[in-house]
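Summary of structural features
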Amino acid sequence: MAREALTDARHLRRTAAACCVIAVALATASFAAIAARTAHTRIVHNARPHLPAARHIPYPRLAWPLEVSGSQYIPVAWTDIAGWSEDDHLQAYKAFRVSCRPIAAQRNLPADHKALGISLRDPCRAAKALDISDGAKARAFFEERFLPLRISRLGEDDGFVTGYYEPLIDGSRIQTDVYNVPVYRRPSNLFVRGIKQSASGLPNKGQVFRKIGRRKLVPYYDRAEIEDGAIAGRGLELCWLRDQTDLLFTQIQGSARVRLEDGSTMRINYDAHNGYPYTPVGRILIDRGIVPKEQMSMQKIREWMDQNPDGAKELRRQNRSYVFFREVHLSDKDEAVGAQGVPLTPGRSIAVDKTLHVYGTPFFIGGELPIESEQSKTPFHRLMIAQDTGSAIVGPARADLYFGAGVDAGRVSGRLRHNMRFVMLVPKSLDPVARGRKMPLPEARPNIKPSREARRARYISRYRRKDQKNGAKAPEASVAPGGKDAARATEAAKKPAPAAAQASAGVGQASSAQTTAANPVPLPEARPNIKPSREARRARYISRYRRIR
């Protein structure tokens, strides 16, 4: 029996131990489940503040009205444009169709799209489908598909025009004693960031670098360094000219026809520049008082340079910009090719600011120009097409008028520096008035109560203006924070004393009372914030330490 009792006792102990293990396991599982639910709740609760709040967009996305940086424009009626009905619209229509060849082929918005974007594509496709040979129909074409906007620089009324042409100069493909000024092609170590070296033409603005070694880039040579032979002997010579003045004017115009010794003609066109901004040499002559502003022209510049060879060298080098060319295979009957890549039309093509405008945009330019002679005021009202650009053409109402090639074209374009009226023709899809009607009004300004400091500053400002208006000098600190009592005391001091008090007071007291009323005693200045000395800080620390003990 003792053995059985011992066996039963062992069995009971094992059973009790198993029950304890089961109980502990159940309790642990319960606590784990509760902890998991608590942790999940805590995570979700803490994550809610970090969730992006739902944003309500009150208005649909709408296209903004036409925006041309730095400009002001206003819609005008066709009948209000001076000289519009007298122009030869057929010639303008033909020039517009030339620009439409690359525009109609566009499918996507260009990466550097400007105000007009690809809105000219629809009018260009319509022009391509039409065969207009009548001036009235050409005029109707522009009036039906475009809207006129008078445009100018912000704050100004008129625009500004100059002229350019294609020079006809003598040269040679080889260096001789007569022709010893090289015309360089684009060097292989000339780099423009973001543009491949294999591009047909580089921008005429922005930084240009030359490569040293494998990675180092430095600014390219300027005009003086190139004239002194920085890139000579590298086989970059396209042809040779007679003097540096011919090269300078060729670089200013951007293209030239070079008459070679064998009677043939070599056509060269802009290809790249050295990265320095263009400095007009004519402006330097005006600033130095050498040539009056009203007499300035390219002929005057050339005459002065021919008469002053040493001064001409120094004047040229003031313009650090330098242009490189490429040979273009055009016949003598073909016109020069503009930056758009299409042949220019004399009297109808203009160069504009490429950063603001799109090639192919029609501009109606009106005013008076010295076409017939230097002193004449020939009426000029023509619809021109933007097909070219230039480094000196900057602004929304700035244009360079192309007059063709030869001496006569150079003579006319060389004396143009005049203010003219600009009317830009935009497609009807960009009607700024129609778009403006759809734009939402700005939300109402919230009624926010000003702070106590703002109200106090406003009160002090009114108080000082009132005193200045009455002829008295306002006190420097007549009202302090919470200083209503001081303001009341000041007002009480301004009031006249009672009659009985004035009668009982002497002359000296009356004079003193008047002085006090006129000049109230200002409040004491605020206590300056002076940093205590090291000994004072140490004594304060010891006293605080003893109080704690």
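Refer to the structure presented above.
Notes on the structure follow. What you see is a predicted model; the values in this text were computed from it and never measured.

What counts, and at which threshold
- Residues numbered from 1 in each chain as written.
- Predicted model: local features only at pLDDT ≥ 70, side-chain atom pairs only at ≥ 80, totals over all residues.
- Heavy atoms only, no water.
- Helix = DSSP H or I, 4+ residues; strand = E, 2+ residues; numbered from the N terminus.
- Buried < 20%, exposed > 50% of the residue type's maximum accessible area, 1.4 Å probe, protein only.
- Contact = heavy atoms within 4.5 Å.
- Areas by Shrake-Rupley, 256 points an atom, 1.4 Å probe, with all protein chains shown as cover.
- Patch = residues over 30% accessible without salt bridge, like charges linked within 9 Å, V, L, I, M, F, W, Y side chains within 5 Å.
- Salt bridge = Lys/Arg side-chain N within 4 Å of Asp/Glu carboxyl O.
- Lys, Arg positive; Asp, Glu negative; His and termini not counted.
- Charge placed at Lys NZ, Arg CZ, Asp CG, Glu CD.
- Disulfide = S-S within 2.5 Å.
- Phe/Tyr/Trp six-rings, centres within 6.5 Å; stacked < 30°, edge-to-face > 60°.
- Pairing = 2+ DSSP bridges.
- Axes fitted to C-alpha atoms, helices over the stretch in contact; angles between N-to-C directions.
- Parallel < 35°, antiparallel > 145°, perpendicular 65-115°, else oblique.
- Left-handed = near helix turned anticlockwise from the far one by under 90°.
- Nonpolar A, V, L, I, M, F, W, Y, C, P; charged D, E, K, R; others polar.
- Core = buried A, V, L, I, M, F, W, Y, C linked by side-chain atoms within 4.5 Å.

When helices and strands are counted, the protein shows 16 helices and 17 strands. Split into buried and exposed, the 549 residues of the protein put 37% on the buried side. Considering only contacts in the protein between residues 6 or more positions apart, those separated by 24 or more positions represent 77%. For the protein, the accessible area works out to roughly 34800 Å², and carbon and sulfur atoms hold 53% of it.

Residues Lys 531, Arg 534, Arg 537, Arg 538, Arg 540, Arg 544 and Arg 547 make up a contiguous surface patch of positive charge. On the secondary structure map, Arg 537 appears in helix H16 (residues 534-548). Owing to a relative accessible area of 39%, Arg 537 belongs among the partly exposed residues under this scheme.

Further remarks concern the state of the cysteines. For the coordinates displayed, the defined rule picks out one disulfide. With a sulfur-sulfur separation of 2.2 Å, Cys 100 is cross-linked through a disulfide to Cys 124. Sign of the S-S torsion, about -70 degrees for the bond between Cys 100 and Cys 124, identifies this disulfide as left-handed. Linking Cys 100 in helix H2 (residues 89-104) with Cys 124 in helix H3 (residues 121-129), this pair joins segments that are 24 residues apart in sequence. Comparing Cys 100 with Cys 124, the two get one shared label, buried.

When we look at a pair of aromatic rings, we describe it by the centre distance and by the angle of the planes. Across all of its chains, the model carries 13 aromatic pairs by this definition. Each ring, one from Trp 84 and one from Phe 364, has its centre 5.4 Å from the other, and the planes form 70 degrees; the classification is edge-to-face. Residue Trp 84 is located in the loop between strand E1 (71-75) and H2, and its partner Phe 364 is located in strand E14 (residues 362-369); the two are separated by 280 residues in the primary sequence. By relative accessible area, which is 1% here, Trp 84 ends up buried.

The side chains of a regular strand alternate, residue by residue, between the two faces of the sheet. Sheet topology places strand E7 (residues 209-212) next to strand E8 (residues 216-219); four bridges connect them, and they run antiparallel. Directly across from Arg 210, in E8, lies its bridge partner Val 218. A loop of three residues connects E7 with E8, the two strands running antiparallel in sequence, and Gly 213 in this loop sits at a positive phi of about 75 degrees.

This brings us to the packing of H2 against helix H4 (residues 135-145). Running from N to C, H2 and H4 cross one another at 60 degrees; their axes reach a closest spacing of 7 Å. The orientation of H2 relative to H4 falls into the category oblique. Along this stretch, H2 crosses H4, giving a crossing that reads as left-handed. Facing H2, whose interface residues are His 89, Leu 90, Ala 92, Tyr 93 and Phe 96, H4 presents Gly 135, Ala 138, Arg 139, Phe 141 and Phe 142. Split by residue class, the contact of H2 with H4 holds seven nonpolar, two polar and one charged.

Take the environment of Val 328 next. Within the secondary structure, Val 328 is located in strand E12 (residues 323-328). Under the relative-accessibility criterion, Val 328 is labelled buried at 17%. Along the primary structure Val 328 and Tyr 270 are separated by 58 residues, whereas in three dimensions their C-alpha atoms are 9.7 Å apart. When near neighbours in sequence (up to four residues on either side) are disregarded, Val 328 contacts Arg 267, Ile 268 and Asn 269.

Let us now look at the sheet that holds E7. Taken in spatial order, the three strands of this open sheet run E6-E7-E8, and their pairing is antiparallel. Both outer strands of the open sheet, strand E6 (190-191) and E8, are each paired with one neighbouring strand and no more.

In terms of nonpolar packing, the biggest core is built from 68 residues, with Phe 96, Phe 141, Phe 142, Ile 350, Ile 365, Leu 401 and Phe 422 touching the most fellow members. For this core, the leading source of residues is H2, giving eight residues. Contact partners of Phe 141, with chain neighbours within four places excluded, come to Tyr 93, Phe 96, Pro 123, Ala 126, Ala 127, Leu 130, Ile 132 and Phe 146. Core analysis: the next-biggest nonpolar cluster, separate from the first, contains 27 residues, Cys 239, Leu 260, Met 266 and Phe 325 among them.

With that settled, consider the pattern of salt bridges. Counted by the stated rule, this structure contains 18 salt bridges. Put simply, Asp 271 and Arg 326 hold a salt bridge, and the shortest N to O gap is 3.6 Å. Of the two residues, Asp 271 is situated in strand E11 (residues 265-273) and Arg 326 in strand E12; the sequence distance between them amounts to 55 residues. Accessibility expressed as a relative area gives 30% for Arg 326, which makes it partly exposed. Each of Arg 223, Glu 227, Asp 228, Arg 316 and Arg 317 takes part in salt bridges that share partners, so that together they form one network.

Working definition: the strands of a sheet are paired by backbone hydrogen bonds and lie parallel or antiparallel to each other. Read from one edge to the other, the open sheet built from six strands follows the order E5-E9-E4-E10-E11-E12, with strand pairing classed as mixed. Across the chains shown, the open sheet's two edge strands, defined by having one partner strand only, are strand E5 (181-184) and E12. The mean inter-strand angle of the sheet, taken between neighbouring strand axes irrespective of direction, is 45 degrees. Here strand E10 (residues 255-259) runs beside E11; their pairing, made up of five bridges, is antiparallel.

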